Amino acid sequence: MTGSDDKTVRVWSLADGALLRTIRLPAGPGHVGKAFAVAMSPDGALIAVGGWTRWALDDYQEQIYLFDRESGALVQRIESLPQVVLHLAFSPDGGLLAATFGPGGGLRIHALDRGWAEVARDEDYGDQSYGAAFAPDGRLATAAYDGMVRLYSGNIEGNIRPFAIASPVRRPDGIAFSPDGTRIAVGDYDSVAVVLLDGRTLAPLPKPELSGVAGDNLNTVAWSRDGRTLFAAGRYGPAKSSPVLAWSDAGAGTRRVLLTGQRTLVGLAPLPEGDLLVVAYEPWLARLQADGGTRWMRGPPNADFRAQHSTLSVSSDGTAIDFGFALGGEGPARFDLVTRALSLDPPRDGRTAAPRQDGLQVEGWRDTTWPTLAGRRLRLDQDETSRSFAAHPSGASFVLGADWTLRAYRADGIPLWRRATPSVAWAVNVTRDGRLVVVAYGDGTIRWHRMTDGVEMLAFMPLPDRTDWVAWMPEGFYAATAGAQGVLRWHVNRGWDQPADSVAIEDIPGSYRPAVLPLVLQELETPRALGLAILAEHSREVARRTNSRVPPGARLHLLAVGISAYNEDYAEHLRLNYAERDARDLASAIVNTQGSLYAQVSPQVLPDKEATKAGIMRALATMRTGMERGSGNDLAVVHFSGHGALIDGKLYLLPYEVDARDAVGIKTGALSADDLKDELLELAKHGRVLVLLDACHSGATTMDGAALDVDSTRLRTELAAANVTVLTSSSGRQVSREDAAWGHGAFTKVLLDAFSDPAADIDRTGLISMNGLARYLAQHVPSLTGGAQIPGMEVRYETTVFASSF
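Note that the structure is a prediction, hence the values are computed from the model and not measured.

Peer 1: Mind laying out the overall build of the chain, listing which residues take part and the relevant values?
Peer 2: Helices and strands together make up the secondary structure of the chain, namely 9 helices and 61 strands. For the chain, the spread of C-alpha atoms along the principal axes amounts to about 100 × 60 × 45 Å. By residue count, 56% of the 806 residues in the chain fall in the buried class. Of the contacts formed within the chain by residues at least 6 apart in sequence, a portion of 52% connects residues at least 24 apart. Here the chain has roughly 32,100 Å² of accessible surface; of this, 49% comes from carbon and sulfur atoms.

In structure tokens:
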């Protein structure tokens, strides 16, 4: 029998490891329902389960569930317990049940012949206790984090006190009597120490041989059925595997190793014929033979996100995530929420970014209980360990992931919000647009949270076959591969007096809505996302029934050009840092936010080597063909991020392959403003045109040293025309700036912000007009750059251009 953080208890066949029964505990929000302690009566008829079963108004009213093993029916509840139950143990005759608790709970004992009423207690514990064991004659020993091992007589009644106390290690954790009751083994939570004590006096006995053993701990101990072998396990040894150690001669003999391949072992149960049942945190369950061979094994049903705290990578808008299926990021994969594609070995294409972990003085955030900001401690829950950290792209805030909570703080350490987590938050990232926190949890899920308040928006779980997956919203809308249908279920509580039930989510009509999932990241609320999906579905149905190739309504045509790395032979010195990313992220933002306003969004992205003069002209021709098929209400958006030049009084945009050795090369190979204007005027015959130019970067010269001077005001006025609005990143001869803190040029950074900032929606309609966008840029670009950069604008129409994703 095993208990889990997934709020279930599972009964397995010892013969072959087959799952015989799943018992779902009554569950509430957060941790309520997690099973921390399980015990089976000696006759195998009764299952006792404790853990985090209730928490109301900060007053613990915990309980122990007693289930019939054969039927799974709830037999009884032991109520009004003082703290979370951390360990349970039946006496050898099955007549007593001992329970130990979290801090302040101590020890309580319940008796079968009293209807499982409490018959004894000891509240004099200085800390929590994870260990209790009965001897064959009824003596009871406990281990607690206050440093004490306590030994009680078999006469258990009323307020009891131990007749012997020892302090053999710093934080005694696991504890086990030898089968004859003469020895007690104790494991330490804080070290690789294993100690032996006399079973009647707690006098120290010679320790098992531990030379060369190093690591975190050996906190779990057990004896073989015949008492000849002592076992110990925990978390130690190689980075990816913690073996079980076994000593012959009741702990006094030679040491051997039983390999498991798992990192954190949490349970050992001796079986007949020297076999050993081993449970790992991962989760993982196996029956080992006495010689270390495996009779059977049940591997983890999920991905392992540990040690990915600096590698979990996310796209700017959160719709693509890169992660590893295995510890440390091994088995790399990418999930694209828009295309609903799970792919292995994703390319290093710059689409996703690892978490920002610099710029703030946050230290001690990895695997400690004392993370700090500028030397000041950031408070977590008692005994909670910090596991992951990510700074907001702006540096104005940061997020900590821990064992039980996800927390956001201002840059000065003021808490912003706190959310209970489904499991350990092994990795966190904040999207470059600053809207979402993406977290990889110990339960094998990756979840998206709203940055403003930590509310969960979406969850994704890749299955261990590395092919199937399921993704869902808290409201139950989901998408899944065929092989994952049936995995996702609604948990149904049936009250406190019977086990919970479950219903397959696929059995609830209307739940399968894959189109809603990326929209909820765009809108950050379910009603709007659902409404947009319904509208899009309706448009597609109209197109189908009318035999139209496109849905009704205006369409958006996008060309995004971004050149960071110019050709290495003639223009390598023109290199920029973020122009290519500007183009990709702007295109991604438009594609993922504008489906609600436009019947169709047709993007073209030309990064670096693809941004040749011929490539740009072909893309403009493609836009023209698309707009010619429209009804005159389409919008064409042309974005260029790269270098410009003024040569002999004429303006040019520099494509990737330009020969920038001298003015002649530029005049011959660059795209002139005159040629670009001709193309824009052709587009304007069939709809509105919005030109976004970020072409006035510093440090640009020909290879012979002549400055590539660009007057953005002149460039803007030469390109603008009726129905052609032109926005430039700066005015006059101001320099266009880019910064690692933004991960973009200033102009594009503010453009991206506009889609999700209600300030850009000046009419409060959910739409961004041309005037609203211009006003937003005019206010926020100077603010971002300290007044050093003021965008230029030639606005030739005032109609709506974008939908707001706020």
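Now that the structure is up, let's keep going.
Peer 1: An account of the nonpolar core is requested, with residue identities and associated values reported.
Peer 2: Core analysis: the biggest nonpolar cluster contains 43 residues, and L654, L680 and L683 have the highest contact counts within it. Those residues in contact with L683 that sit more than four places away from it in its chain are L620, M623, R624, M627, A636, V638 and V689. Of all hydrophobic cores here, the second largest spans 36 residues; its members include F325, F335, I446 and V516.

Peer 1: Outline the sheet that holds strand β3 (residues 19–24), supporting the account with residue identities and numerical values.
Peer 2: Overall, antiparallel pairing links the 3 strands, which are arranged β1-β2-β3 in an open sheet. The outermost strands of the open sheet, each flanked by one partner alone, are β1 (2–3) and β3. With 2 bridges joining them, β1 and strand β2 (residues 8–12) adopt antiparallel strand pairing. The residue bridging T2 from the neighbouring strand is R10, located in β2.

Peer 1: So, the environment of V195: which residues are in play, and what are the values?
Peer 2: Following the sequence through the fold, V195 ends up in strand β19 (residues 194–198). Residue class for V195 comes out buried when judged on its relative accessible area of 4%. Expressed as a C-alpha distance, the spacing of V195 and V658, which sit 463 residues apart in the sequence, is 74 Å. Once residues within four sequence positions are removed from consideration, V195 is found in contact with P168, V169, I184, A185, V186 and K207.

Peer 1: Go over unusual backbone geometry with me, naming the residues and quoting the values.
Peer 2: E282 connects to P283 through a cis peptide bond whose omega is 5°. Relative to the helices and strands, P283 resides in the loop between β26 (276–280) and β27 (284–288).

Peer 1: Help me get a handle on empty space enclosed by the protein, residues and values and all.
Peer 2: Applying the stated rule across the entire model yields 3 cavities of 30 Å³ or more. Roughly 160 Å³ of internal volume is contained in the largest cavity. Residue lining of the largest cavity: 17 residues in total, with D317, D433, R435, A589 and T593 positioned closest to the centre. Among the elements that take part in the lining of the largest cavity, helix α3 (residues 579–593) stands out by supplying 5 residues, more than any other. Of the residues in the lining of the largest cavity, the class split is 5 nonpolar, 8 polar and 4 charged.

Peer 1: Describe the layout of surface pockets, naming the residues involved and giving the relevant values.
Peer 2: Roughly 780 Å³ of internal volume is contained in the second largest pocket. Lining the second largest pocket we find 30 residues, and of these H392, D433, G434, R435 and S756 sit closest to its centre. Contributing elements (two or more residues each) for the lining of the second largest pocket: β40 (415–420), α8 (746–756) and α9 (770–784). Split by residue class, the lining of the second largest pocket holds 12 nonpolar, 9 polar and 9 charged.

Peer 1: Give a detailed account of the packing of aromatic side chains, specifying residues and quantitative values.
Peer 2: Scanning all chains against the criterion turns up 16 aromatic pairs. A ring pair is formed by F90 and W116, whose centres lie 6.0 Å apart and whose planes are at 75°; its orientation type is edge-to-face. Of the two residues, F90 is situated in strand β8 (residues 85–90) and W116 in the loop between β10 (107–111) and β11 (117–122); the sequence distance between them amounts to 26 residues. In this structure, F90 and W116 share a single accessibility class: buried. Centre to centre, the rings of W365 and F389 are 5.7 Å apart; their planes meet at 45°, and the pair counts as tilted. Here F389 lies in strand β37 (residues 386–391) and W365 lies in the loop between β34 (362–363) and β35 (372–373), a separation of 24 residues in the sequence. Like F389, W365 is buried. Site record: aromatic cluster; members linked through ring pairs are F305, F323, F325, F335, F460 and W469. Over the face of the ring belonging to Y125 we find R150, whose NZ or CZ atom lies 3.8 Å from the ring centre. For the cation-ring pair, R688 lies above Y797, with the distance from its terminal atom to the ring centre recorded as 6.0 Å.

Peer 1: An account of the pairing of strand β49 (residues 555–562) is requested, with residue identities and associated values reported.
Peer 2: For β49, the tally of buried residues reaches 8 of 8 residues, placing the bulk of the element in the interior. Alternating positions in β49 separate into two faces, R555, H557, L559 and V561 on one and L556, L558, A560 and G562 on the other, with burial throughout. This β-α-β element, β49 to α3 to strand β50 (residues 600–607), shows right-handed connectivity. Where β49 and strand β51 (residues 634–641) come together, 7 bridges link them in parallel fashion. Across the sheet, L558 pairs through a bridge with V637, a residue of β51.

Peer 1: Explain the pattern of salt bridges to me, and be specific about the residues and the numbers.
Peer 2: All chains considered together, the criterion is met by 48 salt bridges. In this structure, K749 engages D753 in a salt bridge whose closest nitrogen and oxygen atoms are separated by 2.7 Å. Of this pair, K749 and D753 are both found in helix α8, 4 residues apart, which corresponds to roughly one turn of the helix. Taking relative accessible area as the criterion, K749 reaches 15% and is therefore assigned buried.

Cut-offs applied
- Residues numbered from 1 in each chain as written.
- Predicted model: local features only at pLDDT ≥ 70, side-chain atom pairs only at ≥ 80, totals over all residues.
- Heavy atoms only, no water.
- Helix = DSSP H or I, 4+ residues; strand = E, 2+ residues; numbered from the N terminus.
- Buried < 20%, exposed > 50% of the residue type's maximum accessible area, 1.4 Å probe, protein only.
- Contact = heavy atoms within 4.5 Å.
- Areas by Shrake-Rupley, 256 points an atom, 1.4 Å probe, with all protein chains shown as cover.
- Core = buried A, V, L, I, M, F, W, Y, C linked by side-chain atoms within 4.5 Å.
- Pairing = 2+ DSSP bridges.
- 1 Å grid on protein atoms, 1.4 Å probe; cavity = no way out; pocket = protein on both sides within 12 Å on 5 of 7 lines; lining within 4 Å.
- Points joined across faces, edges and corners; volume = space filled by probe spheres on them.
- Nonpolar A, V, L, I, M, F, W, Y, C, P; charged D, E, K, R; others polar.
- Phe/Tyr/Trp six-rings, centres within 6.5 Å; stacked < 30°, edge-to-face > 60°.
- Lys NZ or Arg CZ within 6 Å of the ring centre and 35° of its normal.
- Right-handed = clockwise from strand over helix to strand, strands pointing away.
- Salt bridge = Lys/Arg side-chain N within 4 Å of Asp/Glu carboxyl O.

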